Structure formats: structure tokens, C-alpha cells
Amino acid sequence: MNTKELMQKYVLPTYARADVEFVSGNNATLLDANGKKYIDFTSGIGVASVGHGNKKMNEAICEQIANITHISNLYYIAPQAKAAQKIVEASGYDMQCFFGNSGAEANEGAIKIARKWGERDGQIKRYKIITLQQSFHGRTITTVKATGQESMHNYFGPFPDGFVYANDISSVEALLDDHTAAVMIELVQGEGGVQPQDKAEVQALEKLLKDRGVLLIVDEVQTGAYRTGEFTASQVYEINPDIITLAKGVGGGVPVGVVMTSLKDVFSAGDHGSTFGGNYLSCASVCAVVDTLDECKKSGKLDETIAYFNQKLQSFYEANTHLFTQKVGIGMMCGLRVKDGDTLSNIINRSRENGVMVLKAGRNTLRFLPPLTITKEEIDEGFNNLYNAVTSI
Ligand SMILES: *Cc1c(COP(=O)(O)O)cnc(C)c1O
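Residues numbered from 1 in each chain as written. Predicted model: local features only at pLDDT ≥ 70, side-chain atom pairs only at ≥ 80, totals over all residues. Heavy atoms only, no water.

1. A closer look at the site of the ligand
Around the ligand, the surrounding shell consists of Ser-102, Gly-103, Ala-104, Asn-107, Phe-136, His-137, Gly-138, Glu-186, Asp-219, Val-221, Gln-222 and Lys-248. The backbone of Ala-104 places a nitrogen or oxygen atom 2.7 Å from an oxygen atom of the ligand. Take Asp-219: an N or O atom from its side chain is 2.7 Å from a nitrogen atom of the ligand. The fraction of the free accessible surface of the ligand (380 Å²) that becomes covered by protein chains is 82%. Per-element tally for the shell around the ligand: the top contributor is helix α5 (residues 103–117), with 3 residues. (Near = heavy atom within 4 Å. Polar contact = N/O pair within 3.5 Å; in protein donor to acceptor, adjacent residues only side chain to side chain. Areas by Shrake-Rupley, 256 points an atom, 1.4 Å probe, with all protein chains shown as cover. Helix = DSSP H or I, 4+ residues; strand = E, 2+ residues; numbered from the N terminus.)

2. Comments concerning the packing of aromatic side chains
In the structure shown here, the tally under the stated rule is 11 aromatic pairs. Between Tyr-226 and Phe-231, the aromatic rings sit 5.4 Å apart at their centres with planes inclined by 75°, giving edge-to-face as the arrangement. One aromatic cluster is present, formed by Phe-41, Phe-309, Phe-316, Phe-324, Phe-368, Phe-383 and Tyr-387 through successive ring pairs. Lying over the aromatic face of Trp-117, Arg-120 brings its terminal NZ or CZ to 3.9 Å of the ring centre. (Phe/Tyr/Trp six-rings, centres within 6.5 Å; stacked < 30°, edge-to-face > 60°. Lys NZ or Arg CZ within 6 Å of the ring centre and 35° of its normal.)

3. With respect to the nonpolar core
Grouped together as the largest cluster of nonpolar side chains are 56 residues, with contacts concentrated most on Phe-41, Ile-87, Val-250, Phe-309, Phe-324, Leu-366 and Phe-368. Excluding residues that lie within four positions of it along the chain, Leu-366 makes contacts with Phe-324, Cys-334, Gly-335, Leu-336, Val-338, Leu-344, Ile-347, Ile-348, Val-358 and Leu-359. Counting 26 residues, the second largest nonpolar core, distinct from the first, contains Leu-176, Ile-185, Val-194 and Leu-208. (Core = buried A, V, L, I, M, F, W, Y, C linked by side-chain atoms within 4.5 Å. Buried < 20%, exposed > 50% of the residue type's maximum accessible area, 1.4 Å probe, protein only. Contact = heavy atoms within 4.5 Å.)

4. Concerning unusual backbone geometry
A cis amide bond links Gly-157 to the next residue, Pro-158, at an omega of 0°. Inspection of the secondary structure puts Pro-158 in the loop between α6 (141–146) and β6 (163–166). At Ser-43, a position not held by glycine, the phi torsion is positive, near 50°. Owing to a relative accessible area of 1%, Ser-43 belongs among the buried residues under this scheme.

5. Details of helix α3 (residues 55–67)
In this model, α3 (13 residues) spans 19 Å end to end at C-alpha, consistent with the 18 Å of a helix rising 1.5 Å per residue. What α3 keeps buried is the set Met-57, Ile-61 and Gln-64. Taken around the axis of α3, the buried residues stretch over an arc of 70°, which confines them to a single face. Residues of α3 that are exposed and point more than 90 degrees away from the buried face comprise Lys-55, Glu-63, Ala-66 and Asn-67. (Expected span 1.5 Å × (residues − 1). Arc of directions from axis to C-beta.)

6. Quick look at the packing of α3 against helix α9 (residues 280–298)
In the contact formed by α3 and α9, the axes pass within 8 Å of each other and the chain directions differ by 150°. By the angle between their directions, the pair α3 and α9 is classed as roughly antiparallel. Crossing of α3 against α9: the hand is right-handed. When α3 is examined against α9, the residues Lys-56, Met-57, Ala-60, Ile-61, Gln-64 and Ile-65 are found in contact with a partner set consisting of Tyr-280, Leu-281, Ala-284, Ser-285, Ala-288, Val-289, Asp-291, Thr-292 and Glu-295. Split into classes, the residues belonging to the contact of α3 with α9 amount to 9 nonpolar, 3 polar and 3 charged. (Axes fitted to C-alpha atoms, helices over the stretch in contact; angles between N-to-C directions. Parallel < 35°, antiparallel > 145°, perpendicular 65-115°, else oblique. Left-handed = near helix turned anticlockwise from the far one by under 90°. Nonpolar A, V, L, I, M, F, W, Y, C, P; charged D, E, K, R; others polar.)

7. Describing the side chain of Thr-261
Position of Thr-261 relative to the elements: it lies in strand β12 (residues 257–261). Reaching out from Thr-261, the side chain makes a polar contact with the backbone oxygen of Asp-242 at a distance of 2.7 Å. Beyond its immediate sequence surroundings of up to four residues, Thr-261 is in contact with Asp-94, Met-95, Gln-96, Ile-113, Asp-242 and Ile-243.

Structure follows, in C-alpha cells:
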């Protein structure tokens, strides 16, 4: 049986997969099993932040696992210590980290911190978490409930109590009460359609929550690790959240989720844990990825790449206003609003046929999350392929 047949026989059908099997990659260039070449404008879904086959990341992992891959969190772990230091320093926030294995798990950690904080002595029990409509926070029972998309709550109940949905940031205030522990937002909604929040509104929300004694959690699972031009989008928005979650891009492809917080004394030993979280393997990768991206940022290369990619995307948008209605996004988290959903699926399929990988977000957004290390040549080639893909639409 080939891979497709094996997966159809042995893997649960939770994904609608395209009929492609990638076998190797070099930075933003991928090869499939038939030897066909593709430019990757997706990084998986914002995960392969330093590209495919990254030498520095791979060497760090190989060197690490030649020595030790895993021991439990009952002991001190050097790569975990270094990964936490690099993450905290890159963010500039006075925080501490907890390591898990996914974005959903990072958000679970954030919700647990907020709820334990909400139970501190002498306070009315605060347990409610306000999230936004069209948000996406994960697939576990709790984080799927935190996700502000009614269609995702069709099965799987009963869900944990205490999740409240605001239509947008300006409608959060009316929903606050004595039981609100936290507001959790994405600064650029990813799955919801590459929808950036307004900076002034976010800053006003930050102030409102400080005044009302409610925590601000920023889900940076997709926006984090320099995706929006700074290590966190919270830095781009110039806010000081109480809790930030990271995952996707921060491990470069190894499974890792991070919850970081300035509330350093809420959790004590035994309150939270993870068997795999923070092990030698994943943290060695995080260290190499953050080092690589720090350097890319400091040298000016990241900002150059962001400017170049966005200039190309703007031209592509302007040349195809019969298909697209708006260019959206921040940094290397970009999208084009497509006039309808059928056209969007058509564009994605034709792009793949023409050798460039792109994503869908929400109902009508063509999404771009290229590796942050993508070269100008790869960007040029990807856009050439995109132009070819849309000529006949
Ligand atoms: C992808 C994503 C998640 C879920 O991450 P997993 O690693 O799939 O659990 C949560 N929040 C946001 C904003 C995401 O983009």
C-alpha cells in the first residue's frame, strides 16, 4: 500500500488532505514524492519558522539526542533553562515559562493560571474567561470551548463552564463582572481569517483590565516567535499582558508549547505538569530556533524579508482585484480576502498544481505564513507560480 492507502486504512479521518506527499525540504522549497518542486508560503501552519532542513536546528537536535533525549521534570534540565531564558529575553517581559507540547496545551496552562489566580484568598472566586468571536484557541475540550466559533461546539459536551464570548474588543467591557478572571485574545486572529486587532483598542482594553483587576492573556501560538516582526505581537502592540502563550513557530517543527507569565507565584509544585514538556529534544530545538531568529532580527534581515514579501503581495493583490478585495495581516502573517469561498478553494488548488503552497483562513481568506528565513529568490519564484495559478481563474 502507498502512503495514502495506508493512512486511509490506519489513520482516523480528521483531516481533508490534499493528494501530495512531501519527502524533503530546503528552507522554503519542498519536493514531493514525484520529484515536483514547491515554494512553501505556509511553513506547515506557521511552524517551520526557520525553514525546512535547517542546518543549525538539525545539528542542535542531533547533538542533543546523541547525549540525552528525555528525563522527567523531576530534575534540572539545561536546554529547558536556556530555552526559557532565550524566550524571556527575546520578549523583554519579566516572566517565567512553563513548557508543554502544543498550542492548546499552552492555552490550558494559561487558563489554569488565571483560574488559580482567581481563587486567591479573600477574593470573590473569579473563573470566567472572556474570548472573542471568530477566535481559535485549540482542540482540547476546554480550548475548543474557549474558541469563539459556535460550529466547533456542536459535539463533545458537556464543556467546562465559564467561557463567555465578546463580539469584539469594544464589547468586552459590558461582559466583565465580579467573576471574570481573564480576557484571552489573539492580536491577529489566525484561523479566524488573519484579522489584526486595532492597536489603540487593544491598549484601551489593557488599561481597562488593569483597572478592573482582570488578567489579559494573549494567545500568541500563531503570532509569536517573530511571525509579526517582533518576538511577540504583544511587543508590536506595545502592551504588557499577564500571560502569553506560544507554540507553532517557536520549536521550528518539534512539538512545543509555552505559557509564560509575570504571575510567577500562582503555581506551586504539583499544580501543573507535563511528561514530555520541556525535554532535552524540544528545548534544544527551541534554543537553536530562537537564536536563529534573534540573529535574523538583529541583522535587519527579518525586516527586509517582511518588507520584500509584503511588497510582492501588494503587487499581486493590485494585479488581481477581480479576485481579491483586501490585503490584511502584520509582518509575515498575511492574507488576501477572496471574493468568495469557491474561488478561494480554486486558488489554493491551482497554486499547489503550479508549485506554490498557500493556506485558507476563515471563510474567505487566502493566508500566507512563509518561513521567516525565506530568500528573495524563493519569494520571487513563489509569486511567479502564484501569478500562473490565477491567470485562468
Ligand atoms: C494553532 C493554534 C492553536 C492550537 O495549537 P495546537 O498546537 O494545534 O494545539 C491555538 N491558538 C492559536 C492562535 C493557534 O493558531
